[in-house]
Amino acid sequence: PSWRQRIAIMEAQRQQHVIIGFEPGLGKTFIPVWLYQLLAEQRLAENQGKGRMLYIGPKIVMSELPNRIRPGSVQGIAGHSYYVSDDLAPTVGVITDGLDAAEIEERMNAEVVFCPYTMLNVVKDDIAISDRLAAHRHKTTREPFTLLVADECHKIKGNGDWTERIRHIIHHGLQEFLAEET
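Definitions and cut-offs
- Residue positions are given per chain, counted from 1 along the sequence in the order it is written.
- Selection of residues for local features in this predicted model requires a pLDDT of at least 70, selection of side-chain atom pairs for listing and counting requires 80 or more, and totals for whole chains, interfaces and linings are taken over all residues.
- Side-chain figures throughout are based on the complete set of non-hydrogen atoms in the structure, without hydrogens or water.
- Only protein chains enter the accessibility calculation, which uses a 1.4 Å probe; a residue whose area is less than 20% of its type maximum is buried, one above 50% is exposed, and one in between is partly exposed.
- Labels follow the DSSP assignment, with helices taken as runs of H or I lasting at least four residues and strands as runs of E lasting at least two, numbered in each case from the N terminus.
- Here, any two strands with at least 2 DSSP bridges between them count as paired.
- Side-chain rings of Phe, Tyr and Trp (the six-membered ring for Trp) are treated as a pair once their centres are within 6.5 Å; stacked means planes under 30 degrees apart, edge-to-face means over 60, and tilted covers the remaining angles.
- Lysine NZ or arginine CZ positioned within 6 Å of the ring centre and within 35 degrees of the ring normal marks a charge as sitting over the ring.

*Asks:* Even after reading the chapter, I still don't get the pairing of strand E4 (residues 112-116), so can you show me in this structure?
*Replies:* On a regular strand, each side chain points to the face opposite its neighbour's, so the side chains alternate between the two faces of the sheet. Of all the five residues making up E4, five are buried; the element is thus mostly covered by neighbouring parts of the structure. Neither face of E4 is open: one carries Val112, Phe114 and Pro116, the other Val113 and Cys115, and all of them are buried. As judged from the five bridges shared by strand E2 (residues 53-57) and E4, these two strands associate in the parallel manner. Pairing of Leu54 across the sheet is with Val113, part of E4. Inspection of the sheet shows strand E3 (residues 92-94) paired to E4 by three bridges, in the parallel sense. Among the inter-strand pairings, Gly93 is bridged to a residue of E4, identified as Val113.

Structural data, given as structure tokens:
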């Protein structure tokens, strides 16, 4: 990791709400994955559950990043994995168009869940996906999401609909918040 990445991680561990905003191509996308792993190790050392990460971002990111955590998670670019072994990689769930409510609920039980901004407004069985994410608890551990990443967070500034949906998710039990801005 670069010195900028290390500083961003240290700052994210020090406080709850962090915006990482340096130039494109300098490794902002890797930071939340690294932070999740560090927090998971810390939680396990404290005899807590591993924790779960909700990654909300542009749809284009969803075509590659999940495969960097667990290859084969989505159809798209295989690329290299951030993890040496699939055994060490967290489980991944990706919320996409065309899923029914039961499939969405199942994917939300993964350790790392990806959801495009465009899916936050989608309603399945009379419940918006953003409301499902806010209320979701893991089916076995009953643990909420413990880390929220808002990639391209400049899209959620102000009082727009996405901003309100992200706030709703944050105020329903998230323990950490990491925003990534380009």
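Now that the structure is up, let's keep going.
*Asks:* Can you walk me through the packing of aromatic side chains in this structure?
*Replies:* For any pair of aromatic rings, the description rests on two quantities: the centre-to-centre distance and the angle between the ring planes. Applying the stated rule across the entire model yields one aromatic pair. With centroids separated by 5.2 Å and ring planes inclined at 50°, the aromatic side chains of Tyr55 and Phe114 adopt a geometry described as tilted. You can see Tyr55 sitting in strand E2 and its partner Phe114 sitting in strand E4, a full 59 residues away along the chain. For the pair formed by Tyr55 and Phe114, the shared burial category is buried. A cation sits over an aromatic face here: Arg52 above Phe145, 4.2 Å from the ring centre.

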